[in-house]
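Summary of the model geometry
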Amino acid sequence: ELLLLTDADCVFLPGAIAAAVAFKAETKADSLSLIPFLQCDSFWENVLIPLQYFLIFATLPVRAISETANPAFAASNGAFILISAKTYAALGGHSAVRDEMAEDVLFARHVKRSGYRLFYGDGAAVYKVRMYASFQEIWAGFSKNLFSAMGKSVPIVLLWSVFALATQVAPFAFLTVALIRGDHSLAGFALPLMQCLVALGIRAALAVRFQNALWAT
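These figures come from a predicted structure and were not determined experimentally. (Residues numbered from 1 in each chain as written. Predicted model: local features only at pLDDT ≥ 70, side-chain atom pairs only at ≥ 80, totals over all residues. Heavy atoms only, no water.)

With mixed pairing, the three strands of this open sheet are ordered in space as E2-E7-E4. Strands at the two margins of the open sheet, each flanked by one partner only, are strand E2 (11-12) and strand E4 (37-38). Where E2 and strand E7 (residues 127-129) come together, two bridges link them in antiparallel fashion. Each residue of the ladder has a partner; that of Val 11, found in E7, is Lys 128. (Pairing = 2+ DSSP bridges. Helix = DSSP H or I, 4+ residues; strand = E, 2+ residues; numbered from the N terminus.)

See below:
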């Protein structure tokens, strides 16, 4: 007997559940969690919501989630967790993480710490969801969940923030300064330009893969 833990605002595509059940059996995962297609309708949704794909696929070693037993490599999406009733009962349900904000990520760590196998992957062809409808909702949701999702660890938050600034902000700032000054040197212009192209290339590839707006990359 399998349980699908999901949210009321999720829209499942035809045949998706059967495909997910078959995929769970194929991967031999005790808990299968899938990332949805993130529906974006407004300007700020298109600009900010797809950053989740970048956070997951450009910075998180997704393969390590299923291939190692280390609970540090654990992730889950609370909108889609497919797990057997027996395993869920053995874990005590969500009781271990019921008081947490990002309970889905912490539940994934609980699964791995308990010796079960976790699989986390792309479910864009399985279901879709519109997370937020305005900038205010996006800000409230991200600010509420991000710190908890990173284990409430200030060093991890700082490390990720430095990485994001160094790879997604600083190259564009350096390139702008070089253009203003007319600097065409290797260090001042060429290297920031290459970094900008790599950053845009990754974001464009993710936008194409997940059918997001290319203009928002």
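Another point: the side chain of Lys 24. Locating Lys 24 in the fold gives a position in helix H1 (residues 16-27). Despite its burial, Lys 24 pairs with no opposite charge, the nearest such side chain being Asp 30 at 5.9 Å. Once you skip the residues sitting within four places of it in the chain, Lys 24 turns out to touch Leu 2, Ala 29, Asp 30, Leu 32, Leu 82, Ile 83 and Ser 84. (Buried < 20%, exposed > 50% of the residue type's maximum accessible area, 1.4 Å probe, protein only. Lys, Arg positive; Asp, Glu negative; His and termini not counted. Salt bridge = Lys/Arg side-chain N within 4 Å of Asp/Glu carboxyl O. Contact = heavy atoms within 4.5 Å.)

Throughout this description, disulfide means a covalent bond between two cysteine sulfur atoms. Tallied over the entire structure, the rule returns zero disulfides. Cys 40 carries a free sulfur, and the closest cysteine sulfur to it, the one in Cys 10, is 14 Å from it. Under the relative-accessibility criterion, Cys 40 is labelled buried at 17%. (Disulfide = S-S within 2.5 Å.)

With that out of the way, let us pick up the sheet that holds strand E3 (residues 31-35). The strand order across the open sheet formed by four strands is E1-E5-E3-E6, and the pairing between neighbours is mixed. Strands at the two margins of the open sheet, each flanked by one partner only, are strand E1 (2-6) and strand E6 (118-122). The average undirected angle you get between the axes of adjacent strands in this sheet is 15°. Where E1 and strand E5 (residues 80-84) come together, five bridges link them in antiparallel fashion. Bridge pairing in E5 links Leu 4 to Leu 82. H1 rests against E1, E3, E5 and E6 of the sheet, and its axis sits at about 60° to E5. (Axes fitted to C-alpha atoms, helices over the stretch in contact; angles between N-to-C directions.)

Bringing the pattern of salt bridges into the picture now. Following the criterion strictly, the structure yields four salt bridges and no others. For Glu 45, the salt bridge is made with Arg 130, and the minimal N-O distance between the two is 2.7 Å. Of this pair, Glu 45 sits in helix H2 (residues 43-48) while Arg 130 sits in the loop between E7 and helix H7 (135-149), and the two are 85 residues apart along the sequence. In this structure, Asp 122 engages Arg 209 in a salt bridge whose closest nitrogen and oxygen atoms are separated by 2.1 Å. Pair noted here: Asp 122 is in strand E6 and Arg 209 is in helix H9 (residues 186-209), with a separation of 87 residues, a long-range link. For Asp 122, a relative accessible area of 31% translates into the label partly exposed. Its relative accessible area of 46% is what places Arg 209 among the partly exposed residues. The network of salt bridges with common partners includes Asp 41, Glu 45 and Arg 130.

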